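# Summary of structural features
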Amino acid sequence: SLGNYPPHFIGSLWSWARDIKPWNHYYHWNQQQYTWPLLTSGHPELLEPYAKWRLEGLPHAIEDANNIHNTQGAFYSDLANRKGYQDVVDPQHYAPNPDSEWLEKYTIVANYNLTPGAQIAHDLYRHYQYTLDENFLKTYTYPIIREWVKFMTSWLQKEDDGLYHDPISDPYERTWMQCKDATNTLAYVRLIFPIFVSLAQKSGTDEQLAQTAD
């Protein structure tokens, strides 16, 4: 876990089938099986390769938020490779090819899985809570929290009832059931926004965004 990249959630450095590695890319929801135990096991340093990889992928997540959702901030997809490139496809402009059926059925609908960015941010924030490492907070945690909050403030829509709503997103493991105000999406808004506001006030940065999120 101290290499340049986090170990893969299936088999880590080992394989039981020679050169075959199932699900070779990083699937965020599964990869959390690696991140969750690190703090409770007393080894917060083993989260650093993961944090570094996620930060290096932030420019791609920002680009994907703009291209896929026409928003600001960062959209972290469930699926990415070691270079941080994500498995996302613009549904308006992709060219038909031999993989078209797969893209339409699985990849494009997964564009509305909006919670990985929040879960990544929360894992990195829990690292700060455990270690009180201000440098880790400044380097890794804060930039990712800020960009996910920026994404969601661009995404949420204020309606006639005076409340902000999630127009469309995925419930867990149900990409074919895209719905309004998905519980998991709203739950992470309620969790991450106050954390960001407190960090922004503490550091004296991003005042306007913090006011919007408050």
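Attention in this report is confined to the structure presented alongside it. (Residues numbered from 1 in each chain as written. Predicted model: local features only at pLDDT ≥ 70, side-chain atom pairs only at ≥ 80, totals over all residues. Heavy atoms only, no water.)

### Observations concerning the overall build of the protein
Selection criterion: The secondary structure listing takes helices from DSSP runs of H or I that are at least 4 residues long and strands from runs of E that are at least 2 residues long, numbered from the N terminus. Under the convention used here, a 1.4 Å probe and the Shrake-Rupley method define accessible areas, while residue burial counts only the protein chains that appear.
Per the secondary structure count, the protein includes nine helices and four strands. Along the protein, from the amino end to the carboxyl end, the secondary structure elements read β-α-α-α-α-β-α-α-α-β-β-α-α. If you sum the accessible surface of the protein, you get close to 11,800 Å²; carbon and sulfur atoms cover 52% of it.

### Here we look at the environment of D78
The criterion, for reference: Contacts are assigned to residue pairs that have any heavy atoms within 4.5 Å of one another. In the analysis that follows, any N or O atom pair within 3.5 Å is treated as a polar contact, provided that within protein one partner can donate a hydrogen and the other can accept it, and provided that, for residues neighboring in sequence, both atoms belong to side chains.
The residue D78 is located in the loop between α4 (58–69) and β2 (79–80) in this model. It is 5.5 Å that separates the C-alpha atoms of D78 and Y27, two residues lying 51 residues apart in sequence. What D78 contacts, discounting residues up to four positions off in sequence, is Y26, Y27, H28, W29, N113 and P116. In this structure the side chain of D78 is engaged in a polar contact, spanning 3.1 Å, whose partner is the backbone nitrogen of W29.

### Focus on helix α1 (residues 28–35)
For clarity, the threshold we go by: When accessible area is computed with a 1.4 Å probe and restricted to protein chains, residues below 20% of their type maximum are described as buried, those above 50% as exposed, and intermediate ones as partly exposed.
Burial runs high along α1: seven of the eight residues are buried. All of the buried residues along α1 are H28, W29, N30, Q31, Q32, Y34 and T35.

### Some words on the side chain of Q119
Here Q119 is to be found in helix α6 (residues 116–131). In this structure Q119 comes out as buried when scored by relative accessible area, which is 4%. In this view, Q119 contacts H28, W29, Q32, Y172 and Y188; residues no more than four positions away in its chain are not counted.

### A closer look at the environment of W148
For W148, the location among the structural elements is in helix α7 (residues 134–155). Beyond its immediate stretch of four places on either side in the chain, W148 contacts A74, L114, G117, A118, Y188, V189, I192 and F193. Within the structure, W148 has its side chain in polar contact with the backbone oxygen of L114 (distance 3.2 Å).

### Section: the packing of aromatic side chains
In plain terms, the rule: What counts as a ring pair is set by centres within 6.5 Å for rings of Phe, Tyr and Trp (its six-membered ring), and what kind of pair is set by the plane angle: stacked under 30 degrees, edge-to-face over 60, tilted for all other angles.
Counted according to the given criterion, the structure contains eleven aromatic pairs. Relative to F196, the ring of Y142 has its centre 5.8 Å away and its plane inclined at 25°; by these criteria the two rings are stacked. With a gap of 54 residues between them, Y142 in helix α7 and F196 in helix α8 (residues 183–203) connect regions that are remote in the sequence. With 6.3 Å between their ring centres and 75° between their planes, W148 and F193 make a pair best called edge-to-face.

### What about α6?
Spelled out, the test is: For a helix, the expected span equals 1.5 Å multiplied by the number of residues minus one.
With 16 residues, α6 extends 23 Å between its outermost C-alpha atoms, agreeing within 8% with the 22 Å of an ideal straight helix rising 1.5 Å per residue. The inward-facing, buried residues of α6 abut α1, α2 (37–40), α3 (48–56), α7 and α8.

### Here we look at the side chain of H60
With respect to the helices, strands and loops of the structure, H60 is situated in helix α4. For H60, a relative accessible area of 16% corresponds to the buried category. Not counting chain neighbours up to four residues away, the residues in contact with H60 comprise K83, G84, Y85 and Q86.

### Let's talk about the pattern of salt bridges
How we decide: Salt-bridge detection follows one rule: a side-chain nitrogen of Lys or Arg within 4 Å of a carboxyl oxygen of Asp or Glu.
For the coordinates displayed, the defined rule picks out six salt bridges. The partner of R146 in a salt bridge is E147, and the shortest N-O contact between them spans 3.1 Å. Of the residues examined, E147 reaches a relative accessible area of 7% and is grouped as buried. E159 is the partner of K180 in a salt bridge, and the nearest nitrogen-oxygen pair spans 3.0 Å. Taken together, the residues K180 in the loop between β4 (164–165) and α8 and E159 in the loop between β3 (157–158) and β4 connect sequence positions 21 residues apart.

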